[in-house]
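Examination of the molecular architecture
What follows is each chain in one-letter form.
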Amino acid sequence: MQNESTIKPSTLALWEIVSVVVSCFIAEWVILAFLGPNKLAFAIPIALALGLMLFSHRVYGETLHDLGFRLDNFLASAKLLLLPTIIAIALIVVISGFSAADRPLRWRFLLVPLWGLFQQYALQAYLNRRAQVVLGPGWKSVLLVAVLFAAVHLPNPLLCALTFVGGLIWALVYQKQPNLFALALSHAAASVALALFVPSVWTNSLRVGFKYFG
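Here the structure is a predicted model, which is why all the values come from computation and not from measurement. Every chain is numbered independently, its residues counted from 1 as its sequence is written. Owing to the predicted nature of the model, reporting of local features is limited to residues with pLDDT of at least 70; listing and counting of side-chain atom pairs is limited to 80 or more, with chain, interface and lining totals taken over all residues. With hydrogens and water stripped out, all remaining heavy atoms of the structure feed into the side-chain values.

The secondary structure content of the chain amounts to 9 helices and 0 strands. Summarising its shape, the C-alpha atoms of the chain cover approximately 65 × 45 × 30 Å along the three principal directions. Each residue is assigned to one of three classes by its accessible area relative to the maximum for its type, calculated with a 1.4 Å probe on protein chains only: buried under 20%, partly exposed between the two thresholds, exposed over 50%. The 214 residues of the chain split such that 39% are buried. Within the chain, contacts between residues separated by at least 24 positions form 80% of all contacts whose residues are at least 6 apart in sequence. Here the open area of atoms and residues is found with the Shrake-Rupley method and a 1.4 Å probe, where only the protein chains shown may cover a residue. Of the roughly 12300 Å² that the chain leaves accessible, carbon and sulfur atoms contribute 74%. For the charge count, each Lys or Arg is scored as positive and each Asp or Glu as negative, with His and the chain ends excluded. Charge placement uses NZ in Lys and CZ in Arg. For Asp and Glu, CG and CD serve respectively. Between the centroid of the 14 positive side chains of the chain and the centroid of its 7 negative side chains there is a distance of 8 Å. Elements are defined by DSSP. Helices are runs of H or I of four residues or more, strands are runs of E of two residues or more, and each kind is numbered from the N terminus. Throughout, a contact is declared for two residues whenever any of their heavy atoms are within 4.5 Å.

So this is what it looks like as structure tokens:
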């Protein structure tokens, strides 16, 4: 007979979600508020969250293929992402008045796909999968992922709105075709378009957390 004190999988998954999101909030709000832009201090809660995610994958028996580090469904995932990504970029360009912001192309833009891959890994391969344990596949878990993605971009109103919409699309596509590489490219394309075309005064230079106010 199962012990009554055994934690339900959904409860454990919920605590996993809370732990990672709280780590992000600590980095964005507490570390920056009291220790300033100290990269080592900022990295501690992020490293702890990453450690938790890696340990969790091992406990769940999830492989890289399961998580979305795969190529067999890249085209299928990219096909689902192509139209939403094109529409998002077009809207960004139109809203900006077809005028690129005063930001030259920089070599660091080449790193955006890697940053997008890391964010999509945390958002989809971890949070989305755990959200499905809590709420099941479908619109409820997709909505939760989008809300969490927007929440970690507080208090920047424009980024919150954009990441909520992006979070909905990316979470839905991941549940249909889990491929982190395709998601990373979509994420990178939207991010570069945002950086190049939207004036920094609109986005407050993409600042989030405590840094938004400084």
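That shown, we press on.
Time to look at helix H7 (residues 157-176). With 20 residues, H7 should reach 28 Å at 1.5 Å per residue; the first-to-last C-alpha distance of 29 Å fits that figure. All of the buried residues in H7 are Leu159, Cys160, Thr163, Gly166, Gly167, Trp170, Ala171, Val173 and Tyr174. The buried side chains of H7 occupy one side of the element, clustering within an arc of 160° when seen end-on. For H7, exposure combined with an orientation more than 90 degrees from the buried face picks out Pro157 and Lys176. For H7, the secondary structure elements touched by its buried residues are helix H3 (64-67), helix H4 (74-95), helix H5 (112-135), helix H6 (139-151) and helix H8 (180-197). Expected helix span is taken as 1.5 Å per residue step, with the number of steps being one fewer than the number of residues. Within this analysis, the arc is defined by the directions that extend from the helix axis to the C-beta atoms.

Another aspect to go through is the pattern of salt bridges. One side-chain nitrogen of Lys or Arg within 4 Å of one carboxyl oxygen of Asp or Glu is enough to make a salt bridge. Overall, the coordinates contain 4 salt bridges when judged by the stated rule. Arginine 130 is paired through a salt bridge with glutamate 16; the nearest N and O atoms lie 3.5 Å apart. Taken together, the residues arginine 130 in helix H5 and glutamate 16 in helix H1 (residues 9-34) connect sequence positions 114 residues apart. Like arginine 130, the residue glutamate 16 is buried in the burial classification. Here glutamate 62 ties to arginine 129 by a salt bridge, and the two come within 2.8 Å at their closest N and O atoms. One end of the pair, glutamate 62, is in the loop between helix H2 (39-60) and H3; the other, arginine 129, is in helix H5, with 67 residues separating them in the sequence. In this structure, a network of salt bridges that share partners links the residues Glu16, Glu62, Arg129 and Arg130.

Next up on the list: unusual backbone geometry. Here the residue pair leucine 154 and proline 155 is connected by a cis peptide bond, since its omega of 0° sits within 30 degrees of zero. Note that proline 155 resides in the loop between H6 and H7. Non-glycine residue serine 205 carries a positive phi angle of around 55°. Within the secondary structure, serine 205 sits in the segment after helix H9 (200-203). Overall, the relative accessible area of 40% leaves serine 205 in the partly exposed class. Within the chain, leucine 206 stands out as a residue other than glycine whose phi angle is a positive 65°.

Here histidine 57 shows up in helix H2. A 3.5 Å cut-off defines polar contacts: any pair of N or O atoms within that distance qualifies, except that in protein one atom must be a possible hydrogen donor and the other a possible acceptor, and neighbouring residues in sequence count only when both atoms are side-chain atoms. There is a polar contact of 2.7 Å between the side chain of histidine 57 and the side chain of glutamate 62. Not counting residues within four places of it along the chain, the set of residues in contact with histidine 57 comprises Glu62, Leu67, Tyr121, Ala125, Tyr126 and Arg130.

Moving on, we get to H6. An ideal rise of 1.5 Å per residue puts 18 Å on 13 residues; H6 measures up with 18 Å between its terminal C-alpha atoms. All buried positions along H6 are accounted for by Ser141, Val142, Val145, Ala146, Leu148, Phe149, Ala150 and Ala151. Of the surrounding elements, those touching the buried residues of H6 are H1, H5, H7 and H8.

What follows concerns the environment of valine 133. Of note, valine 133 is situated in helix H5. On a C-alpha basis, the gap between valine 133 and leucine 14 in space is 8.3 Å, while along the polypeptide they are 119 residues apart. Sequence-distant contacts of valine 133, that is, excluding residues within four places in its chain, are made with Pro9, Ser10, Ala13 and Tyr60.

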